[in-house]
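# Architecture and fold: a report
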Amino acid sequence: MASRVTFIGAGNMAGAIIGGMIDNGHPATDITATSPSDDFLAPLRERLGIHTATDNAAAVADADIVVLAVKPQIMRDVCEGMRDTLQRQRPLIISVAAGLTAESLQAWMGGGLPLVRCMPNTPSLVGAGAAGLFATPEVSAEQRDQATALLEAVGLVEWVEEEGLLDAVTAVSGSAPAYFFLMFEAMEEAGVKLGLPAETARRLAMQTALGAARMAQGSEFPPDRLKRNVMSPGGTTERAIEHLEQAGLRRIMADAMEACAARAREMA
Ligand code: NAD
């Protein structure tokens, strides 16, 4: 039997995961989403056929899995409002909220619940996400599999065995879509300087990123080997790569990602 899953919050992240679950065959009638406003709920109800509710505590009363998908600033009130029902029902809790620790979430929900923290990223909205997951000791092997299946509906899932490593996940994938968007901007600007129309440069850069990622994902070789395969001695690619290395691209990435992880630690 499919699990009964309740999403607390019915915004971008909840909508993306629910859409992916239904595409993967999870029955819509076993999914509920909550929000105080019907503006968020009506499209999900009408487009996907799931249940919707405005009372969080009532909506988790018979859930096997509860996904916490509200903004971090209101999470405390939301968790405290469901506390008694969650302690009675003891579902698997999955939090997709950025920066809220298992310790805080457990304290707000009364403690001792099986809890998975997930650090997703925005490409989940187009089914190409990358998420890091961490489980508290209360989570069973079966519940880990359930969390994996649920998040795989919108992309890649990687487990980490220490909660602190979610800060590294934030640096490598959570915040990383923006690194690539910056790279697209820079490549477009440089393409324009070389004489291309902006739209042409943008489309070529994006398609090349997509192609490089697909090629690397499907390859038995590491990125270094793939890079060398495109670099003929004395050729154009070699000239560009030498320039990027000499300009310190690796150091820039390391510094940026360290700063990102440090900020994630500060915010926790
Ligand atoms: P969103 O604003 O799109 O959705 C929030 C939802 O919560 C809305 O449906 C709103 O009506 C609902 N809500 C507000 N108050 C509520 C309450 N008291 N009870 C129940 N529902 C309530 O936000 P989002 O972008 O989907 O983000 C949700 C969570 O996902 C956040 O914690 C965020 O940190 C995390 N996250 C989002 C992304 C992303 O790509 N959007 C990426 C990483 C993490």
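Here is what the cut-offs are and how they apply
Residues numbered from 1 in each chain as written. Predicted model: local features only at pLDDT ≥ 70, side-chain atom pairs only at ≥ 80, totals over all residues. Heavy atoms only, no water. Near = heavy atom within 4 Å. Polar contact = N/O pair within 3.5 Å; in protein donor to acceptor, adjacent residues only side chain to side chain. Areas by Shrake-Rupley, 256 points an atom, 1.4 Å probe, with all protein chains shown as cover. Helix = DSSP H or I, 4+ residues; strand = E, 2+ residues; numbered from the N terminus. Salt bridge = Lys/Arg side-chain N within 4 Å of Asp/Glu carboxyl O. Buried < 20%, exposed > 50% of the residue type's maximum accessible area, 1.4 Å probe, protein only. Core = buried A, V, L, I, M, F, W, Y, C linked by side-chain atoms within 4.5 Å. Contact = heavy atoms within 4.5 Å. Pairing = 2+ DSSP bridges. Right-handed = clockwise from strand over helix to strand, strands pointing away. Axes fitted to C-alpha atoms, helices over the stretch in contact; angles between N-to-C directions. Parallel < 35°, antiparallel > 145°, perpendicular 65-115°, else oblique. Left-handed = near helix turned anticlockwise from the far one by under 90°. Nonpolar A, V, L, I, M, F, W, Y, C, P; charged D, E, K, R; others polar. Patch = residues over 30% accessible without salt bridge, like charges linked within 9 Å, V, L, I, M, F, W, Y side chains within 5 Å.

## Details of the site of the ligand
- Taken together, 22 residues surround the ligand, and among them N12, M13, S35, V70 and T122 come closest.
- Contacts to the ligand include A10, whose backbone N or O atom sits 3.0 Å from an oxygen atom.
- S35 places a polar side-chain atom, nitrogen or oxygen, 2.7 Å from an oxygen atom of the ligand.
- Burial of the ligand by the protein amounts to 82% of the accessible area it has alone, namely 830 Å².
- When contributions to the shell around the ligand are tallied by element, the ones reaching two or more residues are α1 (12-23) and α4 (72-89).
- In terms of residues, the shell around the ligand owes the most to one element, α4, which gives 3 residues.

## Description of the pattern of salt bridges
- Per the counting criterion, the structure on display carries 14 salt bridges.
- The shortest N-O distance in the salt bridge between R117 and E163 comes to 2.7 Å. Remark: E163 occurs in the loop between β8 (155-159) and α7 (165-174) and R117 occurs in strand β6 (residues 115-119); sequence separation between them is 46 residues.
- Exposure remark for E163: the relative accessible area of 21% places this residue in the partly exposed category.

## A few points about the nonpolar core
- Ranked by internal contacts, the top residues of the largest apolar core, which has 34 residues, are F7, I17, I18, I94, L150 and L151.
- A per-element tally of this core places α1 first, with 6 residues.
- Ignoring anything within four residues of it in the chain, the contact list for I18 reads F7, I31, A33, L44, L48 and I50.

## Considering the pairing of strand β7 (residues 129-135)
- Burial of β7 is extensive: 7 of the 7 residues sit out of reach of the surface.
- Here β7 shows a buried face lined by G129, A131, L133 and A135 and a second buried face lined by A130, G132 and F134.
- Note: β6 against β7, 4 bridges, orientation antiparallel. Each residue of the ladder has a partner; that of V116, found in β7, is A135.
- Where β7 meets β8, 5 bridges bridge the pair, whose relative direction is parallel. Across the sheet, L133 pairs through a bridge with W159, a residue of β8.
- Handedness of the β7-helix α6 (residues 141-152)-β8 crossover: right-handed.

## A closer look at the environment of R45
- If you trace the backbone, R45 turns up in helix α2 (residues 38-48).
- The partly exposed category is assigned to R45, whose relative accessible area is 30%.
- Sequence separation of R45 and I252 is 207 residues, and the distance between their C-alpha atoms is 46 Å.
- A distance of 3.0 Å separates polar atoms of two side chains, one belonging to R45 and the other to D38.

## Quick notes on the packing of helix α8 (residues 176-193) against helix α9 (residues 198-217)
- As a packed pair, α8 and α9 sit with axes 8 Å apart at the nearest point and diverge in direction by 135°. Taken together, α8 and α9 sit at an angle that is classed as oblique. At the point where α8 passes α9, the crossing takes the right-handed sense. The segment α8 lies against α9, with F184, M187, E188, G191 and V192 engaging A198, A201, R202, A205, M206 and A209.

## Some details on the packing of α7 against helix α12 (residues 249-267)
- With their axes 8 Å apart at the nearest point, α7 and α12 run at an angle of 135° to one another. Considering their axes alone, α7 and α12 lie oblique with respect to each other. Note on packing geometry: the crossing formed by α7 with α12 is right-handed. Residues D167, T170, A171 and V172 of α7 touch α12, and the partners they reach there are M257, C260, A261, A264 and R265.
- Its residues placed into classes, the contact of α7 with α12 shows 6 nonpolar, 1 polar and 2 charged.

## Some words on a nonpolar patch on the surface
- Side chains of L244, L249 and M253 sit close together on the surface and give an oily, nonpolar patch of about 230 Å² of accessible area.
- Checked against the element boundaries, L244 lands in helix α11 (residues 236-246).

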